[in-house]
2 protein chains.
Amino acid sequence: MAGCGWARAVRGLLLDVSGVLYDSGADGGVPIAGSAEAVRRIKASGLKLQLCTNETQATRENFVRKLRALGFDVSVAEVTAPAPAACRLLRERGLRPHLLVHDDLVPEFAEVDKTNPNCVVLGDAAENFTYANLNEAFRLLIGMEKPVLISLGKGRYYKETDGLKLDVGAYMKALEYACDVQAEVVGKPAKTFFESALAELGVPPEQAIMIGDDIVNDVGGAQQCGMRALQVRTGKYRQGIRWIYGGAVGCSEPLGVHVRGPWDALVIFTVTTWRPWEPGMQMELRGGTGQTSAGVTQNLLLPRGSAETVGRGMRN
Amino acid sequence: MAGCGWARAVRGLLLDVSGVLYDSGADGGVPIAGSAEAVRRIKASGLKLQLCTNETQATRENFVRKLRALGFDVSVAEVTAPAPAACRLLRERGLRPHLLVHDDLVPEFAEVDKTNPNCVVLGDAAENFTYANLNEAFRLLIGMEKPVLISLGKGRYYKETDGLKLDVGAYMKALEYACDVQAEVVGKPAKTFFESALAELGVPPEQAIMIGDDIVNDVGGAQQCGMRALQVRTGKYRQGIRWIYGGAVGCSEPLGVHVRGPWDALVIFTVTTWRPWEPGMQMELRGGTGQTSAGVTQNLLLPRGSAETVGRGMRN
């Protein structure tokens, strides 16, 4: 099992952005303390870095411009985002989208034929999630012989500076229910999306770690792809929530690890007893606060504070 | 099986309203041809009548005022609607609601304590389904130790004069997903709601028939309650849709029957072969166009035209 332990070589990191590096908001958002310095140190350590985001409120160019203004040393090539992936999919399948997305994302679809739509593309449209716009998307879908709904992510909610906001996943569920269709998700947690990010990172999944604040879309999705993953305690993380998620790790590793503050503490537990999940059951842990792995923590983060797994069990 | 056949005595009818008696709309809506006359004939026939509606865009008083203006001879006492049922539930359980409902429904909750909310009540809020209002309801729910979401119905969509509109069920699904909760549905298809309507009708379920345009909320809900039910082909009915629903009829009766036009044709098939449902399977029918039952058709409707069952099978 040594080859799949947390101590195995780490050559690259995928980083979620909103809730990990900064809290977004109408005012452009604010950096999370220590995060810009962390990005600098990750890069200085020689680790490869790719931002793996479900951000769909801006083009990648504008998104990077905003991050740079907040003090992050990142480039467009270091960002993997859903809209370009969706454009590839639309082209491959000859789909002409009706867009229900944020105004600032529309330029990403400039080259795509949008006449006589035969599918709906749903992003985090924010203020564009009006009653009228949702009815319009619904009517187009229900009028199609075979409705095609493409969703740029399926997040439940995210944190902005003025509070939690419903994410695209909630609206996706509304349209799925109304039209009796299943959306195709482009973005996290789709396996193909993580594979694109890894290809851009240039590192195989077993040598990469995903860090995010969403236990399903970041941690779960990365694990499905053969990566290790960490959950930070900023962003949408809320104490007391217990999530169920089905990882496919394949060896005795934590399903997910909480980190108190994203960058001032990283503690990784080794789970010694795996059991099938039962309601209310929590993971059994060996060791306690302070037990760390090699790899990540020694390279770039200060291991202090405490952490706990949040997974609700998996089969051995 | 004679006792549970379609030919058994019918003493009362529950009627859905939107899509059956009229198509609603911002302009007040328009009656469906023949429907006002049908209501008049139902009453003249001696059958009892109760409107069983998930209407939550107006108080019952205003709803009845609108229907009377459209030519329907109905009274407030003849309307069973979700808001009064929700108020009873709130009082019984000491719940203080945050309301996300249509402005015109708010007076129904005048007597209810709404300070320091410990639940969210969701109705067909229409234009009040704004991004800001949905986020507000979401934040209240996610902030509760045990989120309580009460939904006035769970319809997918309905038809207004200017087209199909998303119904409360779609927004219920969005909040359910975001908050990882299950809504409590007040209104159709809840069994307690149909039981209230039957109590007001003064007729036991086996002597009542529900008529509606929604195969799940009208037909399925009524069947769960031991009633027979018919689906009209007006309102949200769309040709070519095949629904799966789990009736609990308990004897060899059609799960549901389409009627071409609500009031000019009623044809009831007798299903002779019941099989467990398999994907793609449709009902097998004995006889064809024109085979009618006694009871209903002879009492109040003209049996002409054709109909077909839409159920996808049930166990014998």
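Scroll up to find the structure.
Residues numbered from 1 in each chain as written. Chains lettered and ligands numbered in written order. Predicted model: local features only at pLDDT ≥ 70, side-chain atom pairs only at ≥ 80, totals over all residues. Heavy atoms only, no water.

Caption draft 1: Representation of the relation of the copies chain B and chain A. The two copies are related by a screw motion: chain B maps onto chain A through a turn of 180° and a shift of 0.0 Å along the axis, at an RMSD of 0.0 Å. The relationship between the two copies is best expressed as a two-fold rotation axis. (Least-squares fit on C-alpha atoms with pLDDT ≥ 70 in both.)

Caption draft 2: Fine view of the pattern of salt bridges. All names here are of chain A. Taken as a whole, this structure holds 20 salt bridges over all chains when the rule is applied. Residue Asp73 pairs with Arg68 through a salt bridge whose shortest N-O separation is 3.8 Å. One network of salt bridges, in which partners are shared, links Asp16, Lys188 and Asp218. (Salt bridge = Lys/Arg side-chain N within 4 Å of Asp/Glu carboxyl O.)

Caption draft 3: Broad picture of helix 7 (residues 215-224) of chain B. All names here are of chain B. With eight of its 10 residues buried, helix 7 lies for the most part within the structure. Turning to helix 7, its buried residues are Ile215, Asn217, Asp218, Val219, Gly220, Gly221, Ala222 and Gln223. Put simply, Asp214 is the residue that caps the front of helix 7, since its side-chain oxygen is 2.9 Å from the backbone nitrogen of Val216. Backbone geometry just after helix 7 places Gly226 at a positive phi near 90°. (Buried < 20%, exposed > 50% of the residue type's maximum accessible area, 1.4 Å probe, protein only. Helix = DSSP H or I, 4+ residues; strand = E, 2+ residues; numbered from the N terminus. Polar contact = N/O pair within 3.5 Å; in protein donor to acceptor, adjacent residues only side chain to side chain.)

Caption draft 4: Highlighting the nonpolar core. Core analysis: the largest hydrophobic core is formed by 56 residues, its most contacted members being Leu122 and Phe138 of chain A together with Leu122 and Phe138 of chain B. Apart from residues no more than four positions distant in its own chain, Phe138 of chain A is found in contact with Leu175, Ala178 and Cys179 of chain A together with Tyr157, Leu164, Lys165 and Leu166 of chain B. (Core = buried A, V, L, I, M, F, W, Y, C linked by side-chain atoms within 4.5 Å. Contact = heavy atoms within 4.5 Å.)

Caption draft 5: Region of interest: the sheet that holds strand 7 (residues 119-122) of chain A. All names here are of chain A. Read from one edge of the open sheet, four strands run 6-7-8-11, paired in parallel fashion. The open sheet has two free edges, formed respectively by strand 6 (97-100) and strand 11 (184-186), since each of these has just one partner strand. On average, each strand axis in the sheet is inclined to that of its neighbour by 25°, with strand direction left out of account. As paired elements, strand 6 and strand 7 share four bridges and run parallel to each other. Across the sheet, His98 pairs through a bridge with Val120, a residue of strand 7. Strands in contact with helix 4 (residues 131-142) are strand 6, strand 7 and strand 8 (149-152); relative to strand 6, the strand with the most contacts, it is inclined by about 155°. Packed on one face of the sheet, helix 5 (residues 168-179) meets strand 7, strand 8 and strand 11 and runs near 165° to strand 8. (Pairing = 2+ DSSP bridges. Axes fitted to C-alpha atoms, helices over the stretch in contact; angles between N-to-C directions.)

Caption draft 6: Geometry of the packing of aromatic side chains. Under the counting rule described, the total for this entry stands at six aromatic pairs over all chains. Taken together, a centroid distance of 3.6 Å and an interplanar angle of 10° make the contact between Phe129 of chain A and Tyr171 of chain A stacked. One end of the pair, Phe129 of chain A, is in the loop between strand 7 and helix 4; the other, Tyr171 of chain A, is in helix 5, with 42 residues separating them in the sequence. Considered together, Phe129 of chain A and Tyr171 of chain A belong to a single accessibility category, that of buried residues. Judged by centre distance (5.2 Å) and plane angle (45°), the ring pair of Tyr157 of chain A and Phe138 of chain B falls under tilted. (Phe/Tyr/Trp six-rings, centres within 6.5 Å; stacked < 30°, edge-to-face > 60°.)

Caption draft 7: Summary view of the sheet that holds strand 6 (residues 97-100) of chain B. Residues and elements named next belong to chain B. Judged by pairing direction, the sheet is parallel, and its four strands sit side by side in the order 6-7-8-11 without closing on themselves. Edge strands, defined here as strands with exactly one partner in the open sheet, are strand 6 and strand 11 (184-186). Strand after strand, the sheet turns through a mean of 25° between neighbouring axes, direction not considered. Examined bridge by bridge, strand 8 (residues 149-152) and strand 11 share three bridges and lie parallel to one another. Bridge pairing links Leu152 to Val186 in strand 11. Packed onto the sheet, helix 3 (residues 82-93) meets strand 6, strand 7 (119-122), strand 8 and strand 11 and runs at close to 130° relative to strand 11. The strands touched by helix 4 (residues 131-142) within the sheet are strand 6, strand 7 and strand 8, with strand 6 carrying the most contacts at an inclination of about 155°.

Caption draft 8: Looking closely at helix 5 of chain A. All names here are of chain A. Counted at 1.5 Å a residue, the expected span for helix 5 with its 12 residues is 16 Å, and the 16 Å between its end C-alpha atoms agrees. When we look at burial in helix 5, the residues that qualify are Val168, Gly169, Ala170, Tyr171, Met172, Ala174, Leu175, Glu176, Tyr177, Ala178 and Cys179. Trailing helix 5 by a residue or two, Asp180 shows a phi angle of about 55°, which is positive. (Expected span 1.5 Å × (residues − 1).)

Caption draft 9: Just the interface of chain B and chain A, in detail. The interface of chain B with chain A comprises 30 residues on the first partner and 30 residues on the second. For the pairing of chain B and chain A, the buried interface totals around 2900 Å² over both sides, and the portion due to carbon and sulfur atoms is 61%. Contact with chain A buries surface across chain B, with Tyr131, Leu166 and Tyr177 of chain B losing the most and accounting together for 30% of the total. At the junction of chain B with chain A, the criterion picks out zero salt bridges. Put simply, the parts of the chain that give the side of chain B that touches chain A at least two residues each are helix 4, strand 9 (157-160), strand 10 (163-166) and helix 5 (168-179) of chain B. When residues in the side of chain B that touches chain A are grouped by element, the largest group, eight residues, is from helix 5 of chain B. Residue composition of the side of chain B that touches chain A, by class: 16 nonpolar, five polar and nine charged. (Buried area = accessible area lost by both parts, 1.4 Å probe. Nonpolar A, V, L, I, M, F, W, Y, C, P; charged D, E, K, R; others polar.)

Caption draft 10: Focus on the side chain of Ser18 of chain A. Tracing the backbone shows Ser18 of chain A in the loop between strand 1 (12-15) and strand 2 (22-23). Residues in contact with Ser18 of chain A, not counting those within four places in the same chain, are Ser24, Lys159 and Asp213 of chain A.

Caption draft 11: Representation of the environment of Glu127 of chain A. Within the element layout of this structure, Glu127 of chain A appears in the loop between strand 7 and helix 4. Put simply, Glu127 of chain A and Asp103 of chain A are 24 residues apart on the chain and 9.3 Å apart in space, counted from C-alpha to C-alpha.

Keep in mind that these numbers describe shape and distance, not what the molecule does.
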